[in-house]
Amino acid sequence: MRKKIVAGNWKMNTTISEGELLVNQILTLKKESQPEAELIVAPPFTHLATISKLLQGSGVALSSQNCADELSGAYTGEVSASMLNAVGCEYVILGHSERREYYGETSAKLVKKVKLSLANNLTPIFCIGEKLEEREANKHFEVVEEQIKEVLFGLDPEDFAKIVIAYEPVWAIGTGKTATSAQAQEIHKYIREVLAGKFGELAQNTPILYGGSCKPSNAAEIFAQPDVDGGLIGGASLVAADFIAIAKAF
Ligand code: PGA
């Protein structure tokens, strides 16, 4: 049985007090409705220490949205994987399309980030996905295959077994446009085949999350697909009731 996961990527939203309120609302609703999916929240760096304490014993896991590609030292403005582990993070989102697009995140950097994360007991939620023009040119399979090969194929099987993948078509992120459940299943199945080509049976256990305008009204149909194991949720994760409704959509 693959793990089912619903992760909230808060991006650069909420002040610390808004973040505390949101987490407390999520925890209250979670207690009432007991969703079967594992819940993860990924607030901004400034919130992690505080929210880590709020989450203790709750069963909701903490993630960061990025980490440095170096271990420690003179890298002004960066936050290392070991610091994130020490503050209570279990997960780290890596390779989000916004980081690739706006902050020059390359596969070479992501290789380092994935390895440092794993070495510091953080589970990478590794994001892949094509842009609109790539989908329109029918290149989406090629694009995700490249993204996977360049970063994950160098891992040994033991490390690969810890990876979570998030497929997020760039044209669906924050646009209100969602992939259809058939489009999601088609490419999730392909992603699993690419992973199986390298790592064999281990790929059957890799959670592959869908992300991109996922909301309570469309989550159930997408999550019902056999190769979709949950979601990476942006906008809708900022509303506790929507986040929990998505988590209950399995
Ligand atoms: P969205 O973002 O749900 O707001 O489209 C998803 C993401 O970027 O992780």
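Asker: A description of the site of the ligand should follow, citing residues and the corresponding values.
Answerer: Residues in close proximity to the ligand total 13 residues, the closest being Lys11, His96, Glu168, Gly174 and Ser213. One of the backbone nitrogen or oxygen atoms of Ser213 is found 2.7 Å away from an oxygen atom of the ligand. Against a free-state accessible area of 280 Å², the protein chains account for coverage of 94% of the ligand. Class assignment of the residues belonging to the shell around the ligand gives a composition of four nonpolar, seven polar and two charged.

Asker: Account for the sheet that holds strand 2 (residues 38–42), with residues named and values stated.
Answerer: Strand order in the closed barrel formed by eight strands is 1-2-3-4-5-6-7-8, with parallel pairing between adjacent strands. The average angle at which neighbouring strand axes cross in this sheet is 25°, direction not considered. Taken together, the two bridges between strand 3 (residues 61–64) and strand 4 (residues 91–94) define a ladder with parallel strand orientation. Following the sheet pairing, Ser63 is matched in strand 4 by Tyr91.

Asker: Describe the layout of surface pockets, with residues and values.
Answerer: Approximately 480 Å³ is the volume attributed to the largest pocket. Per-element tally for the lining of the largest pocket: the top contributor is helix 4 (residues 97–102), with three residues. Class assignment of the residues belonging to the lining of the largest pocket gives a composition of seven nonpolar, seven polar and three charged. In this structure, the second largest pocket spans a volume of roughly 350 Å³. Ser97, Arg100, Glu101, Lys131 and Val170 are, among the 22 residues lining the second largest pocket, the residues nearest its centre. Breaking the lining of the second largest pocket down by element, the ones donating at least two residues are helix 4, strand 5 (123–128) and helix 7 (140–152). No other element matches helix 4, which puts five residues into the lining of the second largest pocket. Of the residues belonging to the lining of the second largest pocket, the class tally is six nonpolar, seven polar and nine charged.

Each value, and the rule that gives it
- Residues numbered from 1 in each chain as written.
- Predicted model: local features only at pLDDT ≥ 70, side-chain atom pairs only at ≥ 80, totals over all residues.
- Heavy atoms only, no water.
- Near = heavy atom within 4 Å.
- Polar contact = N/O pair within 3.5 Å; in protein donor to acceptor, adjacent residues only side chain to side chain.
- Areas by Shrake-Rupley, 256 points an atom, 1.4 Å probe, with all protein chains shown as cover.
- Nonpolar A, V, L, I, M, F, W, Y, C, P; charged D, E, K, R; others polar.
- Pairing = 2+ DSSP bridges.
- Helix = DSSP H or I, 4+ residues; strand = E, 2+ residues; numbered from the N terminus.
- Axes fitted to C-alpha atoms, helices over the stretch in contact; angles between N-to-C directions.
- 1 Å grid on protein atoms, 1.4 Å probe; cavity = no way out; pocket = protein on both sides within 12 Å on 5 of 7 lines; lining within 4 Å.
- Points joined across faces, edges and corners; volume = space filled by probe spheres on them.

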